[in-house]
Each structure stands twice: as C-alpha cells, then as structure tokens.
Amino acid sequence: MQIGQLSFQLHVRPGVTGNISCPACAGTASQRLVDAGQNLRMLPYAKIVIAAPDGDLSLIAEAIYPKGLREVSWYALKLDEVTVAAIALEMSRCACRLSRYSNLRLIVLPEHCQDNDVRNICTLYAINTVGAPATMWIPKVDRDKGPLYLAIADAIELDVVEGRLAPGTKLPPQRALAQGLGLDFTTVTRAYAEAGRRDLVEGRVGQGTFIKGRSPQQAIASAGLVDMSMNLPPIPQDGRVAQSMWARMANMQGPEATRLMLRYQEPGGALKDRVAGATWLSGRLPDVDVGRLLVAPGAQGALTAVVATLAKRGDVVLTEPLTYPGFISLAGHFGVRLFPMQMDESGPVPEALEEAIRTLQPKAIYCTPTLNNPTTRTWSAERRSEIAEVAAMHSIPIIEDDAYGALKRSPLPTLLELAKGPVYHIASLSKCLAPALRVAYLVAPDRASAIRVIGALRGTTAMASPLTTALATDWISSGLAFDFLDELRAETSRRQMAVAKIMPTGVVNSDPEGFHVWLDLPSGWPRGEFVARLRNLGISGVASDAFAIVEPPEGVRLGLGGASGVEELERSLTVVAALIKDRPALGSLIV
C-alpha cells in the first residue's frame, strides 16, 4: 500500500491481513497501522520486523503503534545492507515521522519461519497465545548517573519489584537491546551478568535470558536493599590496593609458609608480629613497649583472656548502658555481672562512677570511648582524663576496646595514654582492615600483666592463626594496610554523606568517620515493630535489646558497610527514611 511517500507491505502467515489507518493523523498523508493488531492475535507466536532496504531505522525515534499492541518503540540491527528493527517498548506517536523513508515493509512471521533474511535474528517481538502482547523490554536508563551497565541492572530490579517484569519473562537478546539503547554489546552483557549476580535473571541454553521465578518478598529483598544488621567495614570502590594485598597473599609460599602451617606458634605472638602491631598502633600509641603487646585471635579472644584474668563468677564489671553484644555474651559465659555507668554527652559521669565503685566494688571497667557500638558516641578528651583518674584512684583496671580508633584521622588520646592506673588496650583489625583476619593487638598495663594474659590466652584460645597473623604483619610492614585504611576512611565518608542526604533530622545519631548509625525512633514507634517492618521490606537492623544492660530504649542500629556501593546504600536508606515517617499503627493492622 502506498500512502504519500510511505509504502507498507503487510505479510502475515498464514493468511492474516490488516489495514492501515491513522486516527491521530486523519487527513494527512500518513496513517497508523490499526486493524493488524487484532488480526495478529490469530497467531500463537509471531515475529514482527520492519525492514528498510534503503534507510537506517536507527535514526528514527518513532515506530508504528498497532492497535492491540499496547506499548511500542524501536531498535535496529544491521543485516548486510538491510536494517531490521523491532517494535519494542515506549509507545510511539505516529507513522507520520516515517514518511520520508520509502519502501518500508512491516513483516509478521511465525515463530519457526526459515526466511534467510531473518532466521538468524533472535526473537524480536512475541505475541502470546492469549492475545496479550509480550512487548520487548527496553529500560529507561539515566545515562548521567554512574556506569550504564549498572543502570540497566537497576532497571531490571525496579521493574521486577514493581511487577513490570514478571517471573519467566524473556529479556531481549543482548545484541538487540544494545542496538536499541545505542550502546555497545559488552555494556549489555555486563548488565545481564550483574542482574544474574543479584539473582534476578537466569540464562537458558539455546533460549535466552529470563526473569527468575521469585516471590514478591524475594524481589523486594534483592532490589538494591542490604543486610544492615552487621557492622562491617565497607568495601572501597577503588580495588587497586586490595588487589595488591591479594598479590602479596599469593607470595606467601615456600618453607616459611610451611612452617606457619605445620607448627604451633607461641601464645601472644612472635616478636616480628608484635613489632608489626606496634607499628599499626603508633598513630595512637607512640613508642609502645612490644614486651607489653600481645597478638590475640580477634577482639573476642583478647577480651576473653583479659576477663579471665581479672574477674570470676559473681564479680561486677561496669560498662556503658548500651555496649558491645560480644562482651555481654562473654560476661554471661563467665557469670560476671554487668552494671551500667551513668552517662552524659561527654561520657561517663565522674561523680556517679566514683559512687558506683564505692557501692559495687567492681573488678574492672569495660568501655568503648571512640565510636561506641551502637550509639556512635565518642568521649571527650577532658572526660577521658577524668575517668582515667577516677579509675586509677580506686585501682580499678580499665578494659579499653578501641575497635574503631583507627578510623579517626585525628584521634583523641586513648585511656592507655592518659592512664595512671592499669589499662588493657585492645585494638582489633576487624573494623579497620579485615574481619576475616581475626587478629587483635592487646597492650597490657605492664609486662607482668602481659605474662598473666598470655597464660589466659594459652588456656582459652591457644594462639592467633599463624597464617592470618603473618598476612597482617606483611600488609602492615609493606604499608598496604595503611593505604587500605585511607581508602576505607574515604568510602566511609561517602556513605555518611548518603546518610546526611537521605535520613530525617532528629532521629539519626552518627559520626562522619564511623560506618554505623543509631536511630532514636520517634514517639509511637516500638523498636520491635520497626525492626519487623524493616525485615518485611528486605532490610535487617538490630534493636537496642542486643546492646542493653538496662531497660532497652526505642532504638535501632544500622550498619552502612554491607551495601556493595553508595547507590545501593542510598536505596536502602530511602526505604528506612520512608518507614520512619510512616505511622506504625497503619502498618500493624491484623485481620
């Protein structure tokens, strides 16, 4: 059919025909295909192709809109000198825009056609057996926001969550989608691989890529949302230092590596490893005596040895009202009773601490003066000095858990530096380098105390892993550990910026150099219900009960390090922020 300069030929097998009209362009020289959409429903499965032997459809931003084919758009594939374009997503306007192209053909072919000009092209457009067209999916991609392959993967996630891509839906062939978006093939290949990594899609040999069958809850949980219950260090986005660390790991071979594997090491660590520990701590504890420094199997191993040295069943240890759950568990195991110190914005109140010491006769004080877990609070320098003086006056040992101290670019003096009495300083590598190392450095008050702690280490955990300790020593001695720490600090700052941008004011307690936040829930939000609602949205948080040795407040801790990147974190924080503003009663209706 010839309409002005626009020529259409409708080929439908077997024997299906259609007419051309254009209600939107009545009286003009071009018309829209209308009735063909109804006739196409007679086919159980079809391919629809627009072929332009003398035109390049990649220049055309519009496509034909057949009645019954709800949303259409275009993409183009080169096949020799013929450009083949499929009707896809995005409803077009009118065929008027095509009028300057001549000899255009709309071809409808059954699934198993063997025409030489199209048989090697993947399915471009499918009409299912019930007549509802399965249009080709074309994502809406923000080309100015991050890598394009991630944007495509994000679009897949979003459309799965919002129901636009149902389980079992076949995605466009990678080359076809690349052409439709005007991108290179490898970008789409990476996007599909990323979607596979997120458990959104699956490839079927000889068939293509399909949306995986998933429950709505699974779809929500994987849509860029993260487990925020674990207080993990974030993975820096620049992986060059990490690659160097892995390379040095591969170099740990030969007789020395064999010795590490086949021999027990002395409790407290070899001299070489202690020296590396002193190097690591030098920014906070200059000139530390390596005779007092021990290597322990993680902070929990160090705490176990110190508590075993200082207290027995029934004894009292003072601590912050909200404190590290690992220490609460440890105290329960030893039968040690924990009592809270009275706190204000600067730290423990000195006068109240003196009264508690006189009344309770504690065997030790356990505390996290820098970036308390979970509240994120840091004691002031003045208050540190006051607490150290009060403890020394009453000869009460302090167990200083400095798990987060290395994150601070300008750290405040440690209690060990200020101490006039016994202080056990514990600095784990878990929060500032790598949790998997399970290495912590413990500085005892004196060499005699160090010998007693070595005995406790021998009786509880025997030794730190020689392999991971050697790895930590190598990273520190080479400087790689400090380079990684700089990257970790930078990544932490980016994530805290996301918190400041998204989260409501007056609710979040955070520190720009820490990677967890504490939510003081608004009035009316019970912590248990809030955590349950978060879980239903695919996010895990930790209620205050896990940290409290007093009546738990209505609060929740969220870790920022579990997300693979800032964009993923921002999506999760957006969900959290929206829930905080919600009315809990409306979400609690039970019928």
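Let me sum up the structure you'll find in this document. Only a predicted model underlies this, so the values are computations on that prediction, with no experimental measurement involved.

1. With respect to helix α3 (residues 174-181)
Listed in full, the buried residues belonging to α3 are Ala 176, Leu 177, Ala 178, Gly 180 and Leu 181. Positive backbone phi, approximately 70 degrees, marks Gly 182, located one or two places after α3.

2. Observations regarding the packing of aromatic side chains
On inspection of all chains with the given rule, the structure shows 5 aromatic pairs. On the basis of an interplanar angle of 40 degrees and a centroid distance of 5.1 Å, the ring pair of Trp 280 and Phe 482 is categorised as tilted. With a gap of 202 residues between them, Trp 280 in helix α8 (residues 271-281) and Phe 482 in helix α16 (residues 480-502) connect regions that are remote in the sequence. For Phe 482, a relative accessible area of 29% gives the class partly exposed. Summarising the aromatic geometry, the rings of Tyr 404 and Phe 515 are spaced 6.2 Å apart at their centres and angled 65 degrees between planes, so their arrangement reads as edge-to-face. Residue Tyr 404 is located in the loop between β18 (398-401) and α13 (415-418), and its partner Phe 515 is located in the loop between β21 (508-509) and β22 (516-520); the two are separated by 111 residues in the primary sequence. Phe 515 sits in the buried class, given a relative accessible area of 2%. Positioned over the ring face of Tyr 149 is Arg 190, at 3.9 Å from the centre of the ring.

3. Some points on the pattern of salt bridges
Oppositely charged side chains can form a pair if their charged atoms are brought close together. One pass over the structure, following the stated rule, counts 24 salt bridges. Asp 154 serves as the salt-bridge partner of Arg 198, at 2.7 Å between the closest nitrogen and oxygen. One end of the pair, Arg 198, is in the loop between α4 (185-197) and β10 (201-204); the other, Asp 154, is in helix α2 (residues 148-161), with 44 residues separating them in the sequence. Given a relative accessible area of 11%, Arg 198 falls into the buried group. Given the relative accessible area of 17%, Asp 154 is considered buried. Here Asp 289 ties to Arg 447 by a salt bridge, and the two come within 3.0 Å at their closest N and O atoms. With Asp 289 in the loop between α8 and β12 (293-296) and Arg 447 in helix α14 (residues 447-460), the pair connects residues that are 158 residues apart, well separated along the chain. With relative accessibility at 25%, the residue Asp 289 sits in the partly exposed group. Here the residues in one salt-bridge network are Asp 154, Glu 157, Glu 194, Arg 197, Arg 198 and Arg 571, joined through shared partners.

4. As for a nonpolar patch on the surface
Taken together, Met 261, Leu 262 and Leu 467 make up a surface patch of nonpolar side chains, about 320 Å² in accessible area. Along the chain, the position of Leu 262 falls in helix α7 (residues 255-262).

5. Here's the deal with the packing of α8 against helix α15 (residues 466-478)
Their axes nearest at 9 Å, the elements α8 and α15 cross at an angle of 50 degrees. As the angle between them shows, α8 and α15 are arranged oblique. Considering the relative orientation of α8 and α15, their crossing is left-handed. Touching Lys 272, Asp 273, Ala 276, Thr 279 and Trp 280 of α8 are Thr 469, Ala 470, Thr 473, Ile 476 and Ser 477, all from α15. Considered class by class, the residues forming the contact of α8 with α15 number 4 nonpolar, 4 polar and 2 charged.

Scoring rules and cut-offs
- Residues numbered from 1 in each chain as written.
- Predicted model: local features only at pLDDT ≥ 70, side-chain atom pairs only at ≥ 80, totals over all residues.
- Heavy atoms only, no water.
- Buried < 20%, exposed > 50% of the residue type's maximum accessible area, 1.4 Å probe, protein only.
- Helix = DSSP H or I, 4+ residues; strand = E, 2+ residues; numbered from the N terminus.
- Phe/Tyr/Trp six-rings, centres within 6.5 Å; stacked < 30°, edge-to-face > 60°.
- Lys NZ or Arg CZ within 6 Å of the ring centre and 35° of its normal.
- Salt bridge = Lys/Arg side-chain N within 4 Å of Asp/Glu carboxyl O.
- Patch = residues over 30% accessible without salt bridge, like charges linked within 9 Å, V, L, I, M, F, W, Y side chains within 5 Å.
- Areas by Shrake-Rupley, 256 points an atom, 1.4 Å probe, with all protein chains shown as cover.
- Axes fitted to C-alpha atoms, helices over the stretch in contact; angles between N-to-C directions.
- Parallel < 35°, antiparallel > 145°, perpendicular 65-115°, else oblique.
- Left-handed = near helix turned anticlockwise from the far one by under 90°.
- Contact = heavy atoms within 4.5 Å.
- Nonpolar A, V, L, I, M, F, W, Y, C, P; charged D, E, K, R; others polar.

Don't take any of this as a statement about function, it's just geometry.
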